Each structure stands twice: as C-alpha cells, then as structure tokens.
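# Topology and contacts: notes
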Amino acid sequence: MVYCSIAPAKLILLGEHFVVMGKPALATAVDLYAKVCIERSDEKWIESSNLGEKTRIDSQGVPEKFRQFQLIAKMVEEMAGVERGFYARINSDIPVSSGLGSSAAVSVAFTHALMGFYGVEPKLEEVNRVAYEAEKVVHGKPSGVDNTVSTYGGLLYYRKGVFKRVDTGVLDECTIVIVDTRIRRDTGQVVRKVLDLISRDDVFEKIYDIAEIIVEKALDAVSKRDLHRLSILINVNHGLLEAIGVTNYETEYAVHRLKELGALASKISGAGLGGVVYGLFNKPIDKSLFKEAFDKKGFGYYIVKPVSTGVKFASI
Ligand code: PMV
C-alpha cells in the first residue's frame, strides 16, 4: 500500500518578516503542490526529485537538507508507538527557496502521509504542530505562517500561532500572477539579516507598528471586497519591505514591470532578496503578456488560484 499526500504552497499577501516579530499576516494557499508518497521498505529512505537526491535518514550523517524529515519521522513514530522502514518520494511543483513556502509544504505533506502510513489519524492540528517543529530545523525562527497555510488551506489571517479563516471573495475577481526571479536564497539567513538590522535603531519599531496597521486595514478591505483599497495597502507593504532591506534590483524590476503591465498591486512575497514577487490584476490576463517582460530576464511566471483546502490524501 502507498500513502500519498499533497499540500499547497502559500502566498503571503501582506505581513512577511513583520509576522516573525508577532505582527499579523494575511496569506493564502495557492494551487501549486508538494506531493509525498510513502511505502514500506526495509530501511528509511527519502528521495526528492526536486533536489535530485536520495538519502537514508536512519543512519549517521544525514545531510542538513534532509534533517527535517528525520525529526518528523521521530515525532510521528512517537505518536504511533512503532517504528518501521519506509521509502518516501517527494515531488513538488513549488519552486524551492523562492518565497512560496516549499519546505513547509513538503514537511506538511510528509507528516500527513507518514501519519497515514503508521495508521495515526492525521488530525490537522497535529500535522501543523509537527511541521512547525520541522520548520524550526530548516529556518531557525519561523513565524509558523507557512506550515499553517499549507496545513489548513484557504485565506488566513495569522498571528503568533493563532489564525482565522477569511472569505476569499475579493480574490475571486482578480488574477494573481507570480513572477519568480529564480534567485534562490535561504529564508533563515534573510530573516537573521532583518533581525540584525532592526536591532540597530528603534525607528524600526514604528515601521513594524505601521506594518500591523496595514494588515488590519487589509483585513477590513478584504471583508468589504474592496480590491482598490487592498491594492494600495499591498503596495505600501512592499515599501516597508524595502525599508527593512529585503528588496533588490531584480525584485524591484519585477514589481515595476508588473505595474506597467496593469497590476493594481505588486509586492515581494516571502523572505525577499530574490525569490518571488506577485501582481494582482483586476481582470483575466493572457500569460503571453509576460513573455516580453520576463523571458529576457530569465524569470519564471505563473498564474495561480487561491485554494480553500490544505493538506489531504491523494492518489499515486
Ligand atoms: O520565503 P519563505 O517562503 O520561506 O517565507 C518566509 C516568510 C517570513 O515571514 C520571512 C519568515 C516566516 O517564518 O514567516
């Protein structure tokens, strides 16, 4: 028997980085997925088609990028009260280290599939708890927003481990375009850089307070389905990300080109300093529009849709 689970990517609409210091964020699950399939084996193997590598996690010297799986296996085995060999295959549509929460989605899908494999009921609260611990192994000081969105799906208002579902209505009217600068970076490193910068001057406290006000106002705009007001707030939020030093030439290029092409709002999503930028358009968009703007830069682009369901079992 093979147990497969899929978990969606997350797109932070507003609030990344500020959320690490306890401010709120608004984030949605989108239709890019990480998939993990697990079957019985003699030893414990993880194979990642995205990394092009496989490794045993029940032996000495597990490579750093596979350590999160070792922790997840230990936690799930404690719940199951047994330990068995398995072979886990990871396949993900979510670009790695880009701002779409690929590591969290993989951890969530792996936890869910492994609970299925061990016959433990995959309660979402438990999946989320385990995946959060795995995120700590990967990033050091995660806010928890990535694993929460991947686990539960939908559009969430998130703050310090607590979240509420928000109606996605306002997004139904828009096209969300993600531009991937293909500059890969380490979330933990970018977070540490920001934490170092903000410790140097108390002006940043004010910036964090404004970030909080912006997310509260955005929540209000979403509930009133006021796309124009939401867009203004997203654009201001991008300005604050510049203020905390996580934009660069490539992300600014993508942000400005998206606006020239008609986006009402465009902003970094995720840790920044590369990775992805998203644009919000108030009409359907033909993908070919982006060819001229982004092909020559070597950027990727996707049109994504919010999804209301988080992690779930899937067929092989
Ligand atoms: O770049 P990503 O997908 O790892 O997102 C990071 C989001 C941060 O707010 C910068 C960190 C966090 O843990 O919330």
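So, here's what we can say about the structure.

Conventions and cut-offs
Residues numbered from 1 in each chain as written. Predicted model: local features only at pLDDT ≥ 70, side-chain atom pairs only at ≥ 80, totals over all residues. Heavy atoms only, no water. Helix = DSSP H or I, 4+ residues; strand = E, 2+ residues; numbered from the N terminus. Rg over C-alpha atoms; globule rule 2.2 N^0.38 Å. Buried < 20%, exposed > 50% of the residue type's maximum accessible area, 1.4 Å probe, protein only. Contact = heavy atoms within 4.5 Å. Areas by Shrake-Rupley, 256 points an atom, 1.4 Å probe, with all protein chains shown as cover. Lys, Arg positive; Asp, Glu negative; His and termini not counted. Charge placed at Lys NZ, Arg CZ, Asp CG, Glu CD. Core = buried A, V, L, I, M, F, W, Y, C linked by side-chain atoms within 4.5 Å. Pairing = 2+ DSSP bridges. Axes fitted to C-alpha atoms, helices over the stretch in contact; angles between N-to-C directions.

## Quick notes on the overall build of the protein chain
- Helix and strand counts for the protein chain come out as 10 helices and 12 strands.
- At 19 Å, the protein chain has a C-alpha radius of gyration in line with the 20 Å of a compact globule built from 316 residues.
- Counting only C-alpha atoms, the protein chain reaches 55 × 45 × 35 Å along its principal axes.
- Within the protein chain, buried positions represent 56% of all 316 residues.
- If you take every contact in the protein chain between residues at least 6 apart in sequence, the share linking residues at least 24 apart comes to 74%.
- Summed over all atoms, the accessible surface of the protein chain reaches about 13,300 Å², with 51% contributed by carbon and sulfur.
- Measuring between centres, the 41 positive side-chain charges of the protein chain sit 1 Å from its 40 negative side-chain charges.

## What about the nonpolar core?
- By size, the foremost hydrophobic cluster in this structure holds 94 residues, and its most contacted members are Leu26, Phe86 and Phe294.
- Element by element, the count of residues in this core is highest for helix H7 (residues 203-223), at 10 residues.
- Every residue in contact with Leu26, bar those within four places of it in the chain, is listed here: Leu11, Ile12, Leu13, Leu14, Leu155, Leu156, Tyr157, Val166, Val215, Ala218, Leu219 and Val222.
- In terms of nonpolar packing, the next biggest core, distinct from the first, is built from 15 residues, Val145, Tyr152, Leu156 and Val191 among them.

## Things to note about the sheet that holds strand S11 (residues 300-304)
- The sheet built from 4 strands is open, its strands ordered S9-S10-S8-S11 with antiparallel pairing. A single partner strand is all that each edge strand has here, and the edge strands are strand S9 (265-269) and S11. On average, each strand axis in the sheet is inclined to that of its neighbour by 25°, with strand direction left out of account.
- Where strand S8 (residues 175-180) meets S11, 5 bridges bridge the pair, whose relative direction is antiparallel. Looking across to S11, one finds that Val177 is bridged to Ile303.

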